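# Structure at a glance
The residues making up each chain are set out below.
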Amino acid sequence: MLGTGLTWNLRSDVHQLFEFHFMVNAFRAGTIVAVLAGAIGWYMVLRRQAFAGHTLAVVAFPGAAAAIWLGISVNFGYFGACIAAAVVIAAVPRANAGQTYSEESAVIGTVQAFALACGVLFVSLYGGFLNSLTGLLFGTFLGISNRQVVTLLVVAAAVLVVLAAVARPLFFATVDSDVAQARGVPVRLLSVLFLVLLGCAAAEVSQITGVLLVFALLVMPAASAQQLTARPAVGFAITIALAVGITWTGLAVAYFSVYPVGFFVTTIGMACYLLSVAIRYSAAYVTRRAPRRAVA
Amino acid sequence: MSTLAANPFAGIAHMLSHPFLRYAFLAGTGIAIASGLVGYFIVLRQQVFTGDALSHVAFTGALAALAAGINLRIGLYGACILFALLIAALGNRGSGDDTTIGIVFAWILGLGAFFLTIYTTSRSGTAGGTTGINVLFGSIFGLSRSAAQTNAVLSLLVAVAVIGLARPLLFASIDDNVAGARGVPVRALGFALLFLVGVTAAQATQAVGALLLLGLLAAPAGAAQRLTARPFTAMWLSAAIALLSVWTGLSLAYAAPKIPPSFAIVATATAIYLGAILVTKCARVFRVSIAEPCPVPS
């Protein structure tokens, strides 16, 4: 698309890839975002909060659209909207297994639809930025400034520090919330905190993958890793490695093609997931255990 | 607009004298009733995430059809119904499936971005981009007469099917074990409901857009669940709230052209839900204070 094109010489390809400063920045930002998405996504999949995560990701869109309309920094829009939505969702009690009716999914769905509707309104009020609207929705890696990279790094570091501080109690509360509560772990508070962290992560990631595809980077590496191993620490490491790998490959391929980066990121992520499912089943087959029984 | 302020009836007559608004009201009424009824069961069974997934699949289906050069609606209905049946085949309604559903629809959406690029680059100008945005956010004022009529008829069929299945579906949704033991075909009903959801999603995409159809599925049903505990009342109430949202939304968008109709519809539905939450919260506080008076120290 921009360079002389893909050749068989791998060294010249890599050289081409880093020829322009914007591409170097894209890789820097992509790496930061991938590490963050992997870490938060691992907990999200474990906590079965895919719907909440997806909604928080999508909420970045009205935030960014409002910021553009009002002419303020887009960062305020992204983070403000995501954190606000996290607080709204956290206010609804979580659905418990065995409960006949819970309002959780209805509220999350309504928050999502309303947020997107507000996005449409802001876009309409601003009038005509159709090209950047597609970029906002499906991601663009062009024109990431040094300042933006620094902002991404600072926020990611803050989120990861908080996550590291609560990692153990959060894991406990996730795996068995009743026992954790009995042992004095502040389950409810952790739940709210986690949603806010998830909101921050979604706001970061959406600046690279576009708001509609954040979810892919959150869910795909984590779900693949949880297919491969049951051990938390190993799974966590695999998740982050996969997220970074998927992002790098996606960016590299997108550089040489006309199609959006989000398409490549989701497709590579999907391939990783299918591969890990295949590995799990074949491993179960090799050890002479029926895969069904391994699950049960 | 001045007539609208001076005399509401004249204003409404004036509004309905535009053909595009008549078509919008015709299609909108059908879509509202269908999504209100279907949405009630979706919310009851906590399958709203399915609706979320379908909204993304709808986008990809429509764009794939456009990129292939065939009618947008074929792709829309085809993708929605196929994906809905796939989710039904994936199994029970436990939230454990959320991750799988999420992975699949995230990928399908990425595919949608791919088709959007194909479609945009194969056209000149901004026509491709506008179409993509229209699929995502709806263009109810752009419906043709035949499209509106098809929409209304299909919605009517969906509504009739839901009402016909309502009793067994309710039984299966509330307690699938007991229902199964009593000979209710629980699994077949799950398939039927998701098929209807797929059709409704494809319909609603044309009105409020792929990304906002959750507003019509989740918000009216959530509000109805809040306001009454009686199942059939809640079902009808859900349809009525959806209808009210669409009518109010369309009128608002007509009165203030700057406001997109999709936003007005979803915002009305959200406002009603919010109102329902506030009303029931207040009512609960009030009732508690009546039922349990403070113990008077004697």
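## Things to note about the overall build of chain A
The helix and strand tally for chain A stands at 13 helices and zero strands. Counting from the amino terminus, helix and strand elements in chain A follow one another as α-α-α-α-α-α-α-α-α-α-α-α-α. Sorting the 296 residues of chain A into buried and exposed places 49% on the buried side. Long-range contacts, defined as pairs at least 24 residues apart, comprise 73% of the intrachain contacts of chain A with a sequence gap of at least 6.

## Here's the deal with the overall build of chain B
Summing up its helical and strand segments, chain B has 13 helices and zero strands in all. Looking at chain B residue by residue over its 298 residues, the buried ones come to 53%. In chain B, the proportion of contacts linking residues at least 24 apart, taken out of those at least 6 apart, comes to 75%.

## Brief notes about the interface of chain B and chain A
Across the contact, 48 residues belong to chain B and 48 residues belong to chain A. Listing elements by their share of the side of chain B that touches chain A, those giving two or more residues are α3 (19-44), α4 (48-68), α6 (98-122), α7 (127-137), α11 (213-227) and α13 (261-291) of chain B. By residue number, the principal contributor to the side of chain B that touches chain A is α6(B), which donates 13 residues. Grouping the amino acids of the side of chain B that touches chain A by side-chain chemistry returns 27 nonpolar, 18 polar and three charged.

## A word on the packing of helix α3 (residues 50-70) of chain A against helix α5 (residues 104-126) of chain A
Residues and elements named next belong to chain A. Running from amino to carboxyl end, α3 crosses α5 at an angle of 20°, the nearest separation of the two axes being 8 Å. Classed by the angle they form, the pair α3 and α5 counts as roughly parallel. Judged by the twist between their axes, the crossing of α3 over α5 is left-handed. Of α5, the residues touching α3 (which contributes Phe51, Ala52, Thr55, Val58, Val59, Phe61, Pro62, Ala65, Ala66, Ile68 and Trp69) are Ser105, Ile108, Val111, Gln112, Ala115, Leu116, Cys118, Gly119, Phe122, Val123, Leu125 and Tyr126. Grouping the constituent residues of the contact of α3 with α5 by class yields 19 nonpolar, four polar and no charged.

## A look at unusual backbone geometry
Positive phi, normally seen in glycine, also occurs at Arg48(A), with a value near 55°. Note that Arg48(A) resides in the loop between α2 (21-46) and α3. Residue classification places Arg48(A) among the partly exposed positions, given that 18 C-beta atoms sit within 10 Å. Not every positive phi belongs to a glycine, and Gln46(B) is a case in point at roughly 55°. Looking at the secondary structure, you find Gln46(B) in the loop between α3 and α4. Look at Gln46(B) and you get buried, because 22 C-beta atoms sit within 10 Å.

## Points about α3(A)
All names here are of chain A. Taking 1.5 Å of rise per residue, 21 residues should cover 30 Å, and α3 covers 31 Å from first to last C-alpha, within 8% of that figure. Counting buried residues along α3, 18 of its 21 residues qualify, which places the element largely inside the surrounding structure. Of the residues trailing α3, Gly71 is marked for its positive phi of about 75°.

## Some thoughts on the nonpolar core
Counting residues in hydrophobic clusters, the biggest one holds 211 residues, and the most contacted among them are Ala60(A), Cys82(A), Ala117(A), Val219(A), Ala58(B) and Cys80(B). At 16 residues, the largest contribution of residues to this core is made by α3(B). Not counting chain neighbours up to four residues away, the residues in contact with Ala117(A) comprise Leu212(B), Gly215(B), Ser262(B), Phe263(B), Val266(B) and Ala267(B).

## Details of the environment of Ala218(B)
Inspection of the secondary structure assignment puts Ala218(B) in helix α11. The buried category is assigned to Ala218(B), around which 30 C-beta atoms lie within 10 Å. Residues Ala218(B) and Leu157(B), spaced 61 residues apart in sequence, show a C-alpha to C-alpha distance of 21 Å. Excluding residues within four positions of it along the chain, Ala218(B) makes contact with Ala106(A), Gly109(A), Thr110(A), Ala113(A), Gly39(B), Val43(B), Val48(B) and Gly51(B).

## Regarding the confidence of the model for chain B
All names here are of chain B. Averaged over chain B, the pLDDT score is 82; the fraction of residues at 70 or greater is 88%. By mean pLDDT, helix α1 (residues 2-6) is the weakest element of chain B at 50, and helix α12 (residues 231-255) is the strongest at 91. Within the model, pLDDT remains below 50 along residues 291-296, and this stretch shows zero contacts once partners closer than five positions in the same chain are excluded.

## Points about the environment of Ile103(B)
Mapped onto the secondary structure, Ile103(B) falls in helix α6. Remark: the alpha-carbon pair of Ile103(B) and Ala53(B), spanning 50 residues in sequence, is separated by 9.8 Å.

## A few points about the environment of Ile81(B)
Residue and element names in this part refer to chain B. As for its position among the elements, Ile81 is in helix α5 (residues 72-90). Residues Ile81 and Thr205, 124 residues apart in the sequence, show an inter-C-alpha distance of 13 Å. Look past the residues within four positions of Ile81 in its chain and what remains in contact with it is Phe195, Gly198 and Val199.

## Topic: the packing of helix α10 (residues 214-228) of chain A against helix α12 (residues 261-286) of chain A
Residue and element names in this part refer to chain A. Axis separation between α10 and α12 bottoms out at 8 Å; the angle between their running directions is 15°. Between α10 and α12, the interaxial angle falls into the category roughly parallel. At the point where α10 passes α12, the crossing takes the left-handed sense. When α10 is examined against α12, the residues Ala216, Leu217, Met220, Pro221, Ala223, Ser224, Gln227 and Leu228 are found in contact with a partner set consisting of Val265, Thr266, Gly269, Met270, Cys272, Tyr273, Ser276, Val277, Ile279 and Arg280. Considered class by class, the residues forming the contact of α10 with α12 number twelve nonpolar, five polar and one charged.

## Notes on the confidence of the model for chain A
Per-residue pLDDT for chain A averages 82, and the proportion of residues at 70 or more is 87%. Per-residue pLDDT, averaged within each element of chain A, yields its smallest value for helix α13 (residues 291-295) of chain A (48) and its largest for helix α11 (residues 232-255) of chain A (90).

Rules behind the numbers
Residues numbered from 1 in each chain as written. Chains lettered and ligands numbered in written order. Predicted model: local features only at pLDDT ≥ 70, side-chain atom pairs only at ≥ 80, totals over all residues. Helix = DSSP H or I, 4+ residues; strand = E, 2+ residues; numbered from the N terminus. Buried ≥ 20, exposed ≤ 12 C-beta atoms within 10 Å, placed from the backbone. Contact = placed C-beta atoms within 7 Å. Nonpolar A, V, L, I, M, F, W, Y, C, P; charged D, E, K, R; others polar. Axes fitted to C-alpha atoms, helices over the stretch in contact; angles between N-to-C directions. Parallel < 35°, antiparallel > 145°, perpendicular 65-115°, else oblique. Left-handed = near helix turned anticlockwise from the far one by under 90°. Expected span 1.5 Å × (residues − 1). Core = buried A, V, L, I, M, F, W, Y, C linked by C-beta atoms within 7 Å. pLDDT = per-residue confidence, 0-100.

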